[in-house]
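Listed below, chain by chain, are the residues.
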Amino acid sequence: MSTRTLPLLFINLGGEMLYILDQRLRAQNIPADKAKKVMNDIITTMFNKKFLEELFKPQELYSKKALRTVFDRLAHASIMRLNQASMDKLYDLMTMAFKYQVLLCPRPKDILLVSFNHMDAIKDFVKDTPSILSQVDETYQQLIEMYTPLSNGEFQLIRQTLLIFFQDMHIRVSIFLKDKVQNSNGRFVLPTNGPVPRGTQIPGMIRIFSCSGEELTRLQFNNGGNYSSALREGSFEMFGNRVTKLGTNMYSVSRPVETHMSGTSKSSAQHTKVNAAPNPLAKEELNLLARLMGGLEVQKPGSTDTGFRVNLFATDEEEEEALISRPNELSYGVISIQATKDQQANAELTKIMGEFTESGDPSSSASSKGDDLLAMMDGL
């Protein structure tokens, strides 16, 4: 398992979240000033210096529950509120989109180009706000310094770590189903055509060499696909053409997006629940999560800010139906941090939790399922 995976996972999932929210804010005709505030507030929180200091420390990739907790807080960093069903759908879309991108990367190193595509889009969201743009640029530089020197083997380990994280997630997404890149069981269809990875040749020939390195014979075979030569290398600099389209905004053209639980996912989640054993690393994970979220300085909306709710479904009825029909095992029950049991032992964590519960508009709390961190945490 790679200890350098978490920053890439967070940046790419965060980029996908911003794509989705931008599309929904437009679809619901949210006033431009409010929509811009939501995007700016989330990006400001996402690229908070203290938060990123914790994020970039070498560490194991912890559980889906822990990561979901961070994104719950991130999505509610502004005046926008999401009900639980919409938050579930948002997280499903984020994770399945990035899983698809990781699977389709021609080379493990191309995961970094996917990350840069997300970073380029994030910069575009805040191009008119220099203070936030400088935060994003600083993180961009950190990514370049940390990841561009890595070997192919280290990138392969990062890719393997990401695929292990995603391996039990098989949510069906309407865009993927319509484009025939996902099967009805939620598994992705890998193409057998197109350009081969950079630095490789089109398959179809076996070369046999002698002990001295002299080529003796060649055998040709049918590769079963329709491959073409590799594309040119994408830019790994802050500015440049990434070449790959993986990580760009697939919601730029207005298309309805639905998610459905596959039978495989349901049975897998139930199997996981039955066989779940206490995690010996749970305490360490909670400490990591506490430090990570300690850097998430969620700004308190001013008295003039009016909160609003965003629905990721076509209607409120569909949202309610999705909440009722979704198996409990697949609701990513976010981690419960018992900050009140021992206030002296957990003084720092209690302070963090206090800061979080103070954020948000009190008038919107009744309609906000997940506004309060303590309220939204179910238990390990």
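Residues numbered from 1 in each chain as written. Predicted model: local features only at pLDDT ≥ 70, side-chain atom pairs only at ≥ 80, totals over all residues. Heavy atoms only, no water.

An unreviewed UniProt entry annotates the protein chain as Organic solute carrier partner 1 of Poecilia reticulata.

Caption draft 1: Molecular detail of the pairing of strand S4 (residues 205-209). As judged from the five bridges shared by S4 and strand S5 (residues 215-220), these two strands associate in the antiparallel manner. Each residue of the ladder has a partner; that of Ile206, found in S5, is Leu219. Turn length for the S4-S5 hairpin, with the two strands adjacent in sequence and antiparallel, is five residues, and the turn residue Gly213 shows positive phi of about 95°. (Pairing = 2+ DSSP bridges. Helix = DSSP H or I, 4+ residues; strand = E, 2+ residues; numbered from the N terminus.)

Caption draft 2: Seen up close, the packing of helix H5 (residues 84-104) against helix H8 (residues 152-166). Viewed as axis vectors pointing N to C, H5 and H8 meet at an angle of 140°, and their least axial separation amounts to 10 Å. When the axis of H5 is compared with that of H8, the two are oblique. Taken as a pair, H5 and H8 cross one another with a handedness that is left-handed. Of H8, the residues touching H5 (which contributes Tyr91, Thr95, Phe98, Lys99, Val102 and Leu103) are Arg159, Leu162, Leu163, Phe165 and Phe166. (Axes fitted to C-alpha atoms, helices over the stretch in contact; angles between N-to-C directions. Parallel < 35°, antiparallel > 145°, perpendicular 65-115°, else oblique. Left-handed = near helix turned anticlockwise from the far one by under 90°. Contact = heavy atoms within 4.5 Å.)

Caption draft 3: Summary view of the environment of Leu231. For Leu231, the location among the structural elements is in the loop between strand S6 (226-228) and strand S7 (259-261). Given a relative accessible area of 47%, Leu231 falls into the partly exposed group. For the pair formed by Leu231 and Gly199, sequence separation is 32 residues and the distance between their alpha carbons is 9.8 Å. The contact partners of Leu231, leaving out residues within four places of it in the chain, are Pro195, Arg198 and Val243. (Buried < 20%, exposed > 50% of the residue type's maximum accessible area, 1.4 Å probe, protein only.)

Caption draft 4: Geometry of a nonpolar patch on the surface. A contiguous nonpolar surface patch, about 440 Å² in accessible area, is contributed by Ile206, Ile208, Leu216, Leu219 and Phe221. Breaking the nonpolar patch down by element, the ones donating at least two residues are S4 and S5. Here Ile206 is to be found in strand S4. Judged by its relative accessible area of 41%, Ile206 falls in the partly exposed class. (Patch = residues over 30% accessible without salt bridge, like charges linked within 9 Å, V, L, I, M, F, W, Y side chains within 5 Å. Areas by Shrake-Rupley, 256 points an atom, 1.4 Å probe, with all protein chains shown as cover. Salt bridge = Lys/Arg side-chain N within 4 Å of Asp/Glu carboxyl O.)

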